[in-house]
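Breakdown of the fold
These are the residues of each chain, in order.
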Amino acid sequence: MITISPKRILILILILLIILFVIKLARIESFTSNRKTHIGIIIPTTSNKRNFKTAKDIDFFTILMPGFLSNCSNKYNYDFYLGIDHDDAFFLKEEKNIIAHFKKITNGKTNFSLRLEKMYNLKGKVGAIWSNLANTAVENNAEYLYQMGDDIKILTPNWEETF
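These numbers come from a predicted model, not from an experiment. (Residues numbered from 1 in each chain as written. Predicted model: local features only at pLDDT ≥ 70, side-chain atom pairs only at ≥ 80, totals over all residues. Heavy atoms only, no water.)

1. Re unusual backbone geometry
- Located in the positive-phi region is Asn141, a residue other than glycine, with phi close to 75 degrees.
- Here Asn141 is to be found in the loop between α4 (126-139) and β4 (144-147). (Helix = DSSP H or I, 4+ residues; strand = E, 2+ residues; numbered from the N terminus.)

2. Some words on the side chain of Asp59
- With respect to the helices, strands and loops of the structure, Asp59 is situated in helix α2 (residues 59-71).
- Judged by its relative accessible area of 13%, Asp59 falls in the buried class.
- Discounting chain neighbours no more than four positions away, the residues touching Asp59 are Arg50, Phe52, Leu64 and Asp150. (Buried < 20%, exposed > 50% of the residue type's maximum accessible area, 1.4 Å probe, protein only. Contact = heavy atoms within 4.5 Å.)

3. Quick look at the pattern of salt bridges
- According to the stated counting rule, one finds six salt bridges in the structure shown.
- Residues Asp87 and Lys123 are paired through a salt bridge, measuring 2.6 Å at the closest nitrogen-oxygen approach. Linking Asp87 in the loop between β2 (76-85) and α3 (89-105) with Lys123 in the loop between β3 (112-119) and α4, this pair joins segments that are 36 residues apart in sequence.
- Asp87 gets classed as partly exposed once you look at its relative accessible area, which sits at 41%.
- With its nearest N and O atoms 2.8 Å apart, the salt bridge here joins Glu117 to Arg115. (Salt bridge = Lys/Arg side-chain N within 4 Å of Asp/Glu carboxyl O.)

4. A few points about the sheet that holds β3
- The four strands lie next to each other as β3-β2-β1-β4, forming an open sheet whose pairing is parallel. Both outer strands of the open sheet, β3 and β4, are each paired with one neighbouring strand and no more. Within this sheet the neighbouring strands show an average axis-to-axis angle of 25 degrees, counted without direction.
- As paired elements, strand β1 (residues 37-44) and β2 share eight bridges and run parallel to each other. Residue pairing across strands places His38 opposite Asn77, the latter belonging to β2.
- Packing of α2 onto the sheet brings it into contact with β1, β2 and β3, and relative to β2 it is tilted by some 170 degrees. (Pairing = 2+ DSSP bridges. Axes fitted to C-alpha atoms, helices over the stretch in contact; angles between N-to-C directions.)

This is the structure we're talking about:
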């Protein structure tokens with residue numbers, strides 16, 4: 001009959017627990033290193049007092065996106081939320097064209113998404129619009145929020161690293 005001392009049993013259990021812990025830690029590291037962080041970019045916008053003729057003319061495409069696309073990283077998912085008035089005739093009419101143009105300029109990259117969110121009874125209440133967009137972004141798993149206007153130029157490469 002083989003007898004194992006309680007001390008040896010304890011040592012074997014501890015070794016087994018350490019091995020299991022290391023395996024679990026390796027799985028967590030593998031999961032987190034392959035997953036991209038979601039950044040929710042919340043932007044109120046309007047066609048009021050502007051002369052947009054087509055979807056391509058909006059400030060989001062002519063001012064914000066050129067600098068954004070040339071200065072962003074592939075390490076993140078960028079989820080854009082444009083807040084529009086529920087009765088903004090231009091944005092309602094051009095919604096499909098805006099989304100199509102967005103897909104075109106992002107070259108169909110899977111780490112970019114765009115949603116137009118209709119805002120009810122919030123005309124001119126930019127803070128309330130940002131709040132609603134922030135809630136929507138968080139509900140859609142945004143881990144970070146970046147609040148901005150559609151007329152911002154991103155000039156700094158890899159700005160996300162310091163943000």
